[in-house]
Amino acid sequence: MEAEQRPTTGANDGATPGLEAEPPAAPASTTTASVPVPGSRPGPEPKRRQLGTLLQPTVNKFSLRVFGSHKAVEIEQERVKSAGAWIIHPYSDFRFYWDLIMLLLMVGNLIVLPVGITFFKEENSPPWIVFNVLSDTFFLMDLVLNFRTGIVVEEGAEILLAPRAIRTRYLRTWFLVDLISSIPVDYIFLVVELEPRLDAEVYKTARALRIVRFTKILSLLRLLRLSRLIRYIHQWEEIFHMTYDLASAVVRIFNLIGMMLLLCHWDGCLQFLVPMLQDFPPDCWVSISHMVNHSWGRQYSHALFKAMSHMLCIGYGQQAPVGMPDVWLTMLSMIVGATCYAMFIGHATALIQSLDSSRRQYQEKYKQVEQYMSFHKLPADTRQRIHEYYEHRYQGKMFDEESILGELSEPLREEIINFTCRGLVAHMPLFAHADPSFVTAVLTKLRFEVFQPGDLVVREGSVGRKMYFIQHGLLSVLARGARDTRLTDGSYFGEICLLTRGRRTASVRADTYCRLYSLSVDHFNAVLEEFPMMRRAFETVAMDRLRRIAMGNLGE
């Protein structure tokens, strides 16, 4: 390649071979080739490199999510370079923007073409010709680019970049559909100037050919571009930092509403197209409504109103169908409308459930609880207490917190636990000056519990096996011969059992619904096994606490 490109920088063809054979003999030519002259245009090689970069996958959030790392993206870029000249990667910037343009152009064709085929009487007007020629040109260009675009065999599993493999697979799949839908049939008649000499039957055949072309475009959109549309949406989610649930909800709603409006649009055009192909018989709705010679806007409005009346099953429009074609069209519209309504209900129900899956899981769980209470014939007051417990324990949402935390990386898990529970132990003397790693290990052992008003959390005289941290709620400490003490948010109790394994010296009763975190003796000792230095420090504290308790008993 170097021998072919260097003649463009030399003074003549005879000087260039000498330049390559004896580089020191021609320093001036080398300098001229390497240093750009001010005001001169860049050579073809930089432009080619820039265009080649557009055809390769770039390092962004989407490519990192697909390939996994910067190194994997670089390997994919090298694959594109080694695959051959002008191979377009399906995840490249060029293909992304090209597919976006094609998508917008496709939607425009799906809206404009049915109106033009059905209602436009002057089909050779400059705007209509420009729109169709522009669309056909882009479709033919897309047809050519598909032969040089890599193909995703499975979702992210394998990407075909070899030109022969791309060509073979494309010819076996959607090439025929793309080719037929890209042929400008109507402008073949325009170029050869046959339309003025055609009789009525041939002219109808030409119109029928345009309808066939339109149906091919419909199949192209629905069958070929759907997977790319999903990929666009995923890219836009990453670009705009949208959460998956929000993005999927908005897109599903938009797609569903857009599909129904597009079907209404097609049905409205079909309602007028069938009578038009029959030269408007006297019993068709267009002739009965005296709409034959009205403007296309008025005709389309009445046809769309008639179609939506049928699809929504709220009537027949301005009048009931008379002719057999109108009768069959009405039945078809009703079937399509009922199908759309069923799909809308199904998608809306699934959408609502997917938006709040934790609430749905809670409702399913509580149905099992209700069946359990009915099976055991529990009394009404017990059922009410169980219902209130579930309401306060789960607050209408249920999820497997242990499973979620277990799937996260250790730094993320520790960050979440510290955020939710660090404040509970911040004021406790046992942990105030302890090693942060030890405190984090202790926090991972905390267990969430809920107590109802009147529940005894701790009973006096029982062996202590847990200590408690109060997240929310009000509790009373009940000790014999002493005034009741109130505990509230941020307080803790039962810590003596962690050090002495002694019996409870007082009872603790919940006065309101209380949300507590408990730390068992076994879990605490398991953490101490991992931190020997902290074990010796806590043993010293335990000995001091036991000595104080013994002195208090002797004083009594």
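The numbers attached to residues start from 1 for each chain and follow its sequence in the written order. Residues qualify for local features only when their pLDDT is at least 70, as the model is predicted, and side-chain atom pairs are given and counted only at 80 or more; totals for whole chains, interfaces and linings, by contrast, use all residues. Processing note: side-chain calculations cover all non-hydrogen atoms of the structure and skip hydrogens and water entirely.

Focus: the sheet that holds strand E5 (residues 466-472)
- Pairing between two strands is assigned when DSSP locates at least 2 bridges connecting them. Helical segments are the DSSP runs of H or I of at least four residues, strand segments are the runs of E of at least two, and each set is numbered from the N terminus. In spatial order, the strands read E3-E10-E5-E8; together these 4 strands make up an open sheet with antiparallel pairing. Every interior strand has two partners, whereas the edge strands, strand E3 (447-451) and strand E8 (492-493), have only one.
- With 2 bridges connecting them, E5 and E8 associate as antiparallel partners. Along E8, the bridge assignment pairs Phe469 with Tyr492.
- We call two residues in contact whenever any of their non-hydrogen atoms come within 4.5 Å of each other. Structural elements are reduced to axes, namely lines fitted to C-alpha atoms, with helices fitted over the stretch in contact, and the angle between N-to-C directions of any two is expressed from 0 to 180 degrees. Packed on one face of the sheet, helix H19 (residues 380-394) meets E3 and strand E10 (514-520) and runs near 140 degrees to E3.
- Strands in contact with helix H25 (residues 521-530) are E3, E5 and E10; relative to E10, the strand with the most contacts, it is inclined by about 50 degrees.

What to know about the sheet that holds strand E7 (residues 485-487)
- Here we have 4 strands laid out as an open sheet, ordered E4-E9-E6-E7, and antiparallel in their pairing. A strand with exactly one partner marks an edge of an open sheet, and here the two such strands are strand E4 (456-458) and E7. Direction aside, the axes of adjacent strands within the sheet are offset by 30 degrees on average.
- In this sheet, strand E9 (residues 507-510) lies alongside strand E6 (residues 475-478) in antiparallel orientation, the contact comprising 4 bridges. Note that in E9 the partner of Leu475 across the bridge is Ala510.

Looking at the packing of aromatic side chains
- Ring pairs shown here join Phe, Tyr and Trp side chains whose ring centres sit within 6.5 Å, with only the six-membered ring taken for Trp; geometry is labelled stacked below 30 degrees between planes, edge-to-face above 60, and tilted in between. Using the criterion set out here, one finds 20 aromatic pairs in the structure.
- Three or more aromatic residues joined by ring pairs form one cluster here, namely Phe119, Phe272, Phe280, Trp285 and Tyr300.
- Here, a charge over a ring is recorded when the distance from Lys NZ or Arg CZ to the ring centre is within 6 Å and its angle to the ring normal is within 35 degrees. Taking the ring centre of Tyr394 as reference, the NZ or CZ of Arg393 above it sits at 4.7 Å.

Topic: the pairing of E10
- For every residue, the accessible area obtained with a 1.4 Å probe (protein chains only) is divided by the maximum for its type, and the residue is called buried under 20%, exposed over 50%, and partly exposed between those limits. Burial within E10 is extensive, with 7 of its 7 residues counted as buried.
- What you see with E10 is no split at all: Cys514, Leu516, Ser518 and Ser520 on one side and Arg515, Tyr517 and Leu519 on the other are buried throughout.
- Bridge count for E3 against E10 is 5 bridges, and the pairing is antiparallel. From the neighbouring strand, Val450 faces E10, where its bridge partner is Arg515.
- Bridge analysis of E5 against E10 gives 6 bridges, and the strand direction is antiparallel. Bridged to Ile470 within E10 is Leu516.

Some details on the pattern of salt bridges
- Salt bridges, as used here, are contacts in which a Lys or Arg side-chain nitrogen is within 4 Å of a carboxyl oxygen on Asp or Glu. Applying the stated rule across the entire model yields 10 salt bridges.
- Measuring nitrogen to oxygen at the nearest pair gives 3.7 Å for the salt bridge that ties Lys81 to Glu78. Of this pair, Lys81 and Glu78 both sit in helix H6 (residues 70-83), 3 residues apart, roughly one helical turn.
- For the salt bridge of Arg360 with Glu364, the shortest nitrogen-to-oxygen distance reads 3.6 Å. In this pair, Arg360 and Glu364 are both assigned in helix H18 (residues 357-376), 4 residues apart and thus about one turn of the helix distant.
- A relative accessible area of 29% places Arg360 in the partly exposed class.
- Look at Glu364 and you get partly exposed, because its relative accessible area is 42%.
- Where salt bridges share partners, they join Arg95, Asp99 and Asp142 into one cluster.

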